[in-house]
Amino acid sequence: MEQLVEEYGPRWEPGPYERGTDGPRVILTGVDTSPTGLRAAAYAAGLARRQRARLVVVYVASPRVWTGLAAAAVVDVQLRSFEEEIKQLRDELAARAHELSVPVTFMVRRGETFPELRQAALDESADLVVVGASEQGGHRLVGSVGNRLVRAATWPVVVVP
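These remarks concern the structure in this document. (Residues numbered from 1 in each chain as written. Predicted model: local features only at pLDDT ≥ 70, side-chain atom pairs only at ≥ 80, totals over all residues. Heavy atoms only, no water.)

Time to look at the environment of valine 60. Structurally, valine 60 can be placed in strand 3 (residues 54-61). For valine 60, a relative accessible area of 11% translates into the label buried. Apart from the residues within four sequence positions on either side, valine 60 is in contact with Val31, Arg109, Gly111, Glu112, Thr113, Glu116 and Leu117. (Helix = DSSP H or I, 4+ residues; strand = E, 2+ residues; numbered from the N terminus. Buried < 20%, exposed > 50% of the residue type's maximum accessible area, 1.4 Å probe, protein only. Contact = heavy atoms within 4.5 Å.)

Listed below in structure tokens is the structure:
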């Protein structure tokens with residue numbers, strides 16, 4: 001599986017600074033196919049439409065720690081799962097970008113979720129980051145991606161329940 005960056009919807013131009021336009025110009029959202037991930041994408045898309053902002057959608061294929069120790073068949077199943085999620089997201093984004101007239105950049109990154117989302121937000125000069133709330137109980141102890149992004153204190157972060 002390789003890195004992927006695709007553009008959908010109308011072409012985005014940052015445009016000149018305009019007084020009274022103090023909302024975000026680039027909104028980045030981390031997504032997956034979980035209910036909270038899809039709600040985060042929907043929230044970010046609506047906000048991008050209302051603010052006339054560019055939407056950057058990032059999917060991070062994050063192999064589990066044990067994947068390196070697993071049999072080839074297990075690794076193959078996980079890769080196919082990533083590819084299915086990516087295809088589902090690409091199809092939905094391509095359709096919605098034109099429907100909402102929102103310029104969308106879709107990125108696929110591979111690695112640990114927090115550092116990849118953080119780097120994508122830095123690379124794209126994001127003004128706002130939107131993620132879904134974690135559905136895993138262990139994140140109360142270790143810290144979820146949303147909590148870690150908030151602590152990075154680089155941009156405003158919205159965590160969608």
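Pairing in this open sheet of 6 strands is mixed, and the strands run 1-4-3-2-5-6 from one edge to the other. In this open sheet, the two strands that pair with only one neighbour each are strand 1 (4-8) and strand 6 (157-160). Taking the axes of each pair of neighbouring strands and ignoring which way they run, one obtains an average angle of 20° across the sheet. For strand 3 and strand 4 (residues 104-110), the ladder comprises 7 bridges, and the chain directions are parallel. Note on strand 4: the bridge partner recorded for valine 57 is phenylalanine 106. Helix-sheet contacts for helix 1 (residues 35-51) involve strand 2 (26-31), strand 3, strand 5 (128-132) and strand 6, and the interaxial angle to strand 2 is about 165°. The strands that helix 5 (residues 145-152) touches are strand 5 and strand 6; relative to strand 6, the one it contacts most, it runs at about 165°. (Pairing = 2+ DSSP bridges. Axes fitted to C-alpha atoms, helices over the stretch in contact; angles between N-to-C directions.)

With that settled, the discussion passes to the pairing of strand 2. With 6 of 6 residues buried, strand 2 lies mostly within the body of the structure. Here strand 2 shows no split at all, with Val26, Leu28 and Gly30 on one side and Ile27, Thr29 and Val31 on the other all buried. Looking at chain direction, strand 2 and strand 3 are connected through 6 bridges and run parallel. Across the sheet, residue valine 31 finds its bridge partner in strand 3, namely tyrosine 59. With helix 1 bridging strand 2 and its parallel neighbour strand 3, the resulting β-α-β unit is right-handed. Relative to strand 5, strand 2 runs parallel, the two being bridged by 3 bridges. Looking across to strand 5, one finds that threonine 29 is bridged to valine 130. (Right-handed = clockwise from strand over helix to strand, strands pointing away.)

Take the environment of threonine 105 next. Position of threonine 105 among the secondary structure elements: in strand 4. Excluding residues that lie within four positions of it along the chain, threonine 105 makes contacts with Val5, Glu6, Glu7, Arg54, Leu55, Val56 and Val57. Among the polar contacts listed, one links the side chain of threonine 105 to the side chain of glutamate 7, at a separation of 2.9 Å. Of the polar contacts made by the side chain of threonine 105, one reaches the side chain of arginine 54; its length is 3.3 Å. (Polar contact = N/O pair within 3.5 Å; in protein donor to acceptor, adjacent residues only side chain to side chain.)

Take the side chain of arginine 54 next. Inspection of the secondary structure assignment puts arginine 54 in strand 3. For arginine 54, the residues in contact, after removing those within four places along its chain, are Trp12, Arg25, Val26, Ile27, Pro103, Thr105 and Glu124.

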